[in-house]
Amino acid sequence: MCHPHGSRQPPPPGPPAPPGWSIAAGRTPVRPVAAAVEPRPARRGDGARVRDGAGIPDDAAAAGRAGKPPRGRRRRRLLRWIGLGAVLLVLAGAAAGWWLYAKLDGNITEDTSAAAELRRYERERPAHFASGAQNILLIGSDSRSGTGNAGYGQDGGTQRSDTTILLHLPADRRSATAVSIPRDLMAEVPECLGTDGSRTGDRFAQFNWAFQWGGAACTIRTVEKMTGIRIDHHMVVDFGGFKKMVDAVGGVEVCLRRPVNDAEAHLRLPAGRQVLGGEQALGFVRARYSLGDGSDTERMERQQQFLGSLWEKVSSNGVLLNPAKLYPLLDAATSSVTTDPGLASLRGLYELVRGVRDIPADQVKFLTVPRRPYAADPNRDELVEPDAARLFERLRADRPVTVTAPQPPPSPDPEPAGAPRDGSGEGSGEATGDGSGGPSPTGSGTSAAVTPAPTFTGTTAGTADCR
């Protein structure tokens with residue numbers, strides 16, 4: 001719009017400029033460079049106390065003057081470090097646990113050849129009669145090959161089963177029965193696959209030759225043919241593995257009635273209670289001619305006593321529930337045992353141990369199959385029937401087995417002419433009708449009386465071996 005006199009009219013006055021700003025004629029207000037920003041007022045809801053109108057908390061202001069971060073920030077930083085440390089500890093523990101598991105799991109040797117051979121004869125093998133029960137064949141090999149075994153004799157390239165024990169675990173896992181099978185027992189050995197790939201024919205031979213001819217598979221099939229009991233799992237342990245396991249538990253206590261000096265077994269011990277380390281324990285369970293009457297019978301009884309003491313120590317000392325004590329035992333066991341695929345893992349062995357760890361010592365029973373000297377060769381053994389058949393039938397049916405301590409030798413007084421014998425027989429572990437060695441009572445003389453369960457000569461893990 002033009003002024004009446006032709007001059008340009010000045011613009012209308014705008015809003016007043018903020019404090020500290022300047023307005024040049026006809027220009028936009030310009031903020032001075034050095035102008036200070038007005039401080040933000042402190043919020044009252046954050047717990048801070050306004051000081052000097054600046055809105056800065058006292059502790060923050062003090063920390064700022066001292067050159068340190070505020071106390072709240074330090075606390076949060078400390079909590080973060082603690083959390084990070086806890087996470088690192090958990091990860092390190094998990095990594096260590098996985099490493100230990102993998103190490104122990106990798107120690108176990110899987111017997112794949114025995115599994116393949118048993119599958120070949122699956123149709124001939126016994127069926128399972130009791131659901132939930134397990135039968136495990138424990139085989140102690142006398143092989144001289146391998147680390148530490150050469151000192152027990154020359155390595156002829158063969159091995160035999162020095163000790164064989166059939167371990168029966170009932171379905172309820174309230175007891176365990178370990179039955180020793182003499183290595184000199186005459187038995188029907190079926191056709192087996194040899195280490196050279198050839199096959200042997202059926203033979204009537206000494207029991208421990210089965211392991212020499214065809215390894216674990218041949219031994220398992222021989223036991224199954226003899227007993228009619230299905231073998232679910234097997235373990236093979238050599239001399240070195242046995243010593244490692246004994247040392248891992250700190251030795252096992254035994255009691256000697258007489259001093260022992262056996263150069264062949266590398267054993268020299270005084271009489272009385274002794275704690276045997278691995279080397280001494282191996283000599284103790286293998287000695288044959290310097291202890292007792294030199295028979296394999298006493299040697300098996302000694303092995304059973306030792307295993308009973310080992311079981312009692314492991315269970316009473318809390319080894320199975322103490323990781324510091326359990327790991328050395330597991331390391332020794334897994335590095336020296338050969339098992340079937342079903343047990344060839346730490347999980348498989350753990351499930352087995354978990355099932356037996358709560359069995360009381362007096363319910364862990366040891367006995368030997370009923371046997372006597374073989375008629376054709378008194379240096380060999382044969383089964384006593386029908387006592388052996390009774391024992392095998394009870395194990396097949398998962399029925400309890402009762403054992404009693406061996407009876408003292410009979411009195412030297414001559415028996416009256418025509419007097420009946422006590423029927424105790426020569427075979428260790430022979431069954432009797434009523435546990436007394438005599439005929440079963442028949443009550444009123446009728447045949448309707450119930451025959452008591454047979455009793456077998458044996459011992460338990462809870463029986464002291466020094467009386």
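Residues numbered from 1 in each chain as written. Predicted model: local features only at pLDDT ≥ 70, side-chain atom pairs only at ≥ 80, totals over all residues. Heavy atoms only, no water.

### Brief notes about the pattern of salt bridges
Note that side chains of opposite charge can pair when their charged atoms are close.
Here is step 1 of the chain: Tallied over the full model, the rule gives 11 salt bridges.
Here is step 2 of the chain: Arg199 is the partner of Glu117 in a salt bridge, and the nearest nitrogen-oxygen pair spans 2.8 Å. On the criterion of sequence distance, the pair formed by Glu117 in helix 3 (residues 112–120) and Arg199 in the loop between strand 5 (186–189) and strand 6 (203–206) is long-range, its members being 82 residues apart.
Here is step 3 of the chain: On the basis of relative accessible area, Glu117 is assigned to the buried category, the value being 7%. (Salt bridge = Lys/Arg side-chain N within 4 Å of Asp/Glu carboxyl O. Helix = DSSP H or I, 4+ residues; strand = E, 2+ residues; numbered from the N terminus. Buried < 20%, exposed > 50% of the residue type's maximum accessible area, 1.4 Å probe, protein only.)

### Looking at the pairing of strand 4 (residues 176–180)
Where a strand is regular, its side chains alternate between the two sheet faces.
Here is step 1 of the chain: Most of strand 4 sits out of view: 5 of its 5 residues are buried.
Here is step 2 of the chain: Side chains of strand 4 alternate between two faces, with Ala176, Ala178 and Ser180 and Thr177 and Val179 buried alike.
Here is step 3 of the chain: Here strand 3 (residues 161–169) pairs with strand 4 via 4 bridges, running antiparallel. Its bridge partner being in strand 4, Leu167 is matched across the sheet by Ala178.
Here is step 4 of the chain: The turn joining strand 3 and strand 4, which pair antiparallel and follow one another in sequence, is formed by 6 residues; a positive phi near 55° is taken by Arg173. (Pairing = 2+ DSSP bridges.)

### Describing the sheet that holds strand 12 (residues 337–339)
Here is step 1 of the chain: The sheet built from 9 strands is open, its strands ordered 1-12-7-2-3-4-13-17-16 with mixed pairing. At either margin of the open sheet sits one strand with a lone partner, and together these are strand 1 (109–110) and strand 16 (402–404).
Here is step 2 of the chain: For strand 16 and strand 17 (residues 455–460), the ladder comprises 3 bridges, and the chain directions are parallel. Across the sheet, residue Thr404 finds its bridge partner in strand 17, namely Thr457.

### Some thoughts on the state of the cysteines
Here is step 1 of the chain: Enumeration over the complete set of coordinates arrives at 1 disulfide.
Here is step 2 of the chain: For Cys192, the disulfide goes to Cys218, at an S-S distance of 1.9 Å. Taking the sign of the torsion about the S-S bond as the criterion, the disulfide between Cys192 and Cys218, at about 75°, is right-handed. Highlighted residues: Cys192 in the loop between strand 5 and strand 6 and Cys218 in helix 4 (residues 209–227), separated in sequence by 26 residues. Here Cys192 and Cys218 have matching classes, each one buried. (Disulfide = S-S within 2.5 Å.)

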